[in-house]
Every structure is written in structure tokens, then in C-alpha cells.
Amino acid sequence: MGASKLQALWNHPAGPKTIHFWAPTFKWGLSIANVADFSKPPETLSYPLQIVSVLLWRPLLRIWSAVVACSGLIWSRYGMVITPRNWNLFSVNLAMAGTGMYQLSRKIQHDYHSKTEAEITNE
């Protein structure tokens, strides 16, 4: 019985013999990296594409983080409407959206609310 389930997984249209399996599987690395950054202080969090921060305005980088979170939600939906349903694609993008929104909220809270507290302290 176990061998037949493994064979079914192996021969599935979104199984390990296709890119539809491996692309989302490697994308899990991004979500794991986001989870690893949960313990970092918010001021040390880096936005995606930090390398091009010289070329882009800082508010655009904040928007980029939001775009990453929103694209996770959009691609999660896509994983459910395609045939066959790709549960790996769905779950990795849902995790990506969740971790991206959490990191974005931490960074925004630090950037805006800590300044307000500092101004109150200085008064």
C-alpha cells in the first residue's frame, strides 16, 4: 500500500519528476530564511533587494516587501485554480505571504512607532 502511494506521488503531474514540484520546494528556503530572521531586532532587518537600495528610494523598498507578501497570496490562489492543484505551490506561497507580512509589520512598527516614542521621550 505504501509503495502504491509513493508511485502515485512519483507519477503525479506536479510530482518530483517535474519543475512544478522542485520550484516551490526550493522556494521554501526563502520562507525558512524569513523565519530565521524573526529573532533579529527590527532595525537590523533588511528589505528584499537590499543590493539595489542605492538605486531605489527607501519607501519603494517598503513597498517591495508588501509586494512580496501580496504575491505570496496571489500565487497561493494560483496553486489552487490550476489543474492539477499544486499543494506545494499553495503552501509555500501562503507561508511566504505570512512571514513577509509579519516581517513587514515588525519593520513598519519599528520605523514609525519607535520614532514616536523617541519624540515623546525627548519632550
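Treat the numbers as computed from the prediction; the structure is a model and nothing was measured.

Caption draft 1: Main features of the overall build of the chain. Along the backbone of the chain there are four helices and zero strands. When burial is assessed residue by residue, the chain has 25% of its 123 residues classed as buried. A separation of at least 24 residues holds for 60% of the contacts in the chain among residues at least 6 apart in sequence. About 8,600 Å² of surface is accessible on the chain, with carbon and sulfur atoms providing 69% of the total.

Caption draft 2: A nonpolar patch on the surface, seen in detail. A contiguous nonpolar surface patch, about 410 Å² in accessible area, is contributed by Ile74, Trp75, Tyr78 and Val81. Examined against the element boundaries, Tyr78 turns out to sit in helix H3 (residues 58-81).

Caption draft 3: Spatial organisation of the confidence of the model for the chain. Mean pLDDT over the chain works out to 76, with 72% of the residues at or above the 70 mark. The low-confidence segment residues 49-58, where pLDDT is below 50, has five contacts with residues more than four positions distant or belonging to other chains.

Caption draft 4: Molecular detail of the packing of aromatic side chains. With the rule as written, the count across this model stands at five aromatic pairs. Ring centres 6.0 Å apart and planes at 35 degrees place the aromatic pair Trp22 and Phe26 in the tilted group. Separated by four residues within a single helix, Trp22 and Phe26 lie in helix H2 (residues 19-36), roughly one turn from each other. Using a relative accessible area of 37% as the deciding quantity, one classes Trp22 as partly exposed. A residue is classified by how much of its surface remains accessible, and Phe26, at 65% relative accessible area, is exposed. Relative to Tyr102, the ring of Phe38 lies with its centre 4.7 Å away and its plane at 75 degrees, an arrangement referred to as edge-to-face. Residue Phe38 is found in the loop between H2 and H3, and its partner Tyr102 is found in helix H4 (residues 87-122); the two are separated by 64 residues along the sequence. On the basis of relative accessibility, which here comes to 31%, the residue Phe38 falls in the partly exposed class.

Caption draft 5: Broad picture of unusual backbone geometry. The omega angle of the peptide bond from Thr83 to Pro84 is -5 degrees, so this bond is cis rather than trans. Note on placement: Pro84 falls in the loop between H3 and H4.

Basis of the calculations
Throughout, residues of each chain are indexed from 1 in the direction in which the sequence is written. pLDDT decides what is reported in this predicted model: residues at 70 or higher carry local features, side-chain atom pairs at 80 or more are listed and counted, and totals for whole chains, interfaces and linings draw on all residues regardless. Excluding hydrogens and water, the side-chain values take into account all heavy atoms of the structure. Each helix corresponds to a stretch of at least 4 residues labelled H or I by DSSP, and each strand to a stretch of at least 2 residues labelled E; elements are numbered beginning at the N terminus. Think of it in three bands: with a 1.4 Å probe and only protein chains considered, a residue is buried below 20% of the maximum accessible area for its type, exposed above 50%, and partly exposed in between. In what follows, a contact means two residues having at least one pair of non-hydrogen atoms within 4.5 Å. Per-residue and other accessible areas were derived by the Shrake-Rupley procedure at a 1.4 Å probe size, with only the shown protein chains allowed to occlude residues. Patch members must show over 30% relative accessible area and no salt bridge, and they are joined within 9 Å when carrying like charges or within 5 Å when they are nonpolar side chains of Val, Leu, Ile, Met, Phe, Trp or Tyr. Basic side-chain nitrogens of Lys or Arg form a salt bridge, by our definition, when they fall within 4 Å of a carboxyl oxygen of Asp or Glu. What pLDDT conveys is the predictor's confidence in a given residue, as a value from 0 to 100. Pairing of aromatic rings covers Phe, Tyr and Trp, the last through its six-membered ring, and needs centres within 6.5 Å; plane angles under 30 degrees mean stacked, over 60 mean edge-to-face, and all others mean tilted.

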